[in-house]
Amino acid sequence: MLRSMTRGIFSKIAKNRRFSTEPQIIETEKVQQEVLEAISKEVSSSSRLFAIVYVNGRQWKVSDGDLISLEGNLPLNVGDEIKLEKVLMVGGTNFSIFGRPFLDSNSVEVDAVVVEKNTTNPELKYVHLNHNQTKIVNWKSDEATVLRIKSVIAKNI
């Protein structure tokens, strides 16, 4: 009963709906230029930007001063300065710019410094055998590299 009522109402609405005769054509180049100008103003005025970078098969949301811990032994020494070039997105408080899939490395710079290289602590596993708790130590330790993000800079956007 309810289905038949709703079908009747929706069909009457669809028949009585009038569409505009001609679609409006928007000047895409003009709109695109306005958007780019607004974003350029935001980039120059905003003090804190964030970026999403792709490092070691993972995506990280970073901003100035953040620490990220990368798994594995990377061929870097403590104190090395690197530039993260695979930037997926950059944004501020009022804007976001997405890459397809990455942003141009000349327009966005994410600089980082290697702070520390260490190994993780051995993992402890607790196993219950015959209702007794037995501690098993897994001695496999993974190596990790810690990066500090120095700056996120967007230019030429």
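Refer to the structure printed above.
A brief look at the structure comes next. (Residues numbered from 1 in each chain as written. Predicted model: local features only at pLDDT ≥ 70, side-chain atom pairs only at ≥ 80, totals over all residues. Heavy atoms only, no water.)

### Remarks on the overall build of the protein
Tallying secondary structure elements over the protein gives two helices and 10 strands in all. Written out in order from the N terminus, the α and β elements of the protein read α-α-β-β-β-β-β-β-β-β-β-β. Sorting the 157 residues of the protein into buried and exposed places 26% on the buried side. Within the protein, contacts between residues separated by at least 24 positions form 66% of all contacts whose residues are at least 6 apart in sequence. Put simply, the protein shows about 12100 Å² of open surface, and 51% of that area lies on carbon and sulfur atoms. (Helix = DSSP H or I, 4+ residues; strand = E, 2+ residues; numbered from the N terminus. Buried < 20%, exposed > 50% of the residue type's maximum accessible area, 1.4 Å probe, protein only. Contact = heavy atoms within 4.5 Å. Areas by Shrake-Rupley, 256 points an atom, 1.4 Å probe, with all protein chains shown as cover.)

### Considering the environment of K86
Structurally, K86 is set in the loop between β4 (81-84) and β5 (87-91). Along the sequence, K86 and V55 sit 31 residues apart, while their C-alpha atoms lie 7.4 Å from each other. Apart from the residues lying within four places of it in its own chain, the contact partners of K86 are I52, V53, Y54 and F102.

### As for the sheet that holds strand β7 (residues 108-119)
Spatially, the four strands line up as an open sheet ordered β3-β10-β7-β4, and their pairing is antiparallel. Among the strands making up the open sheet, the edge pair consists of β3 (67-71) and β4. The average undirected angle you get between the axes of adjacent strands in this sheet is 40°. Where β7 lies against strand β10 (residues 143-154), 11 bridges are found, and the strand directions are antiparallel. Looking at β10, one finds that V113 is bridged to R148. (Pairing = 2+ DSSP bridges. Axes fitted to C-alpha atoms, helices over the stretch in contact; angles between N-to-C directions.)

### Brief notes about the pairing of strand β1 (residues 50-55)
Relative to strand β2 (residues 58-63), β1 runs antiparallel, the two being bridged by six bridges. Directly across from A51, in β2, lies its bridge partner V62. Taking the residues that link successive antiparallel strands as the turn, the β1-β2 hairpin has two residues, and the phi of N56 there is positive, at about 55°. Looking at chain direction, β1 and β5 are connected through four bridges and run antiparallel. Bridged to I52 within β5 is M89.

### A short note on the pattern of salt bridges
What the rule picks out here adds up to two salt bridges. K150 is paired through a salt bridge with E81; the nearest N and O atoms lie 3.2 Å apart. Taken as a pair, K150 in strand β10 and E81 in strand β4 lie far apart in primary sequence, 69 residues in all. Judged by relative accessible area, E81 falls into the exposed class, the value being 58%. For E109, the salt bridge is made with K155, and the minimal N-O distance between the two is 2.8 Å. Note that E109 is positioned in strand β7 and K155 in the segment after β10, a separation of 46 residues in sequence. Since its relative accessible area comes to 34%, K155 is described here as partly exposed. (Salt bridge = Lys/Arg side-chain N within 4 Å of Asp/Glu carboxyl O.)

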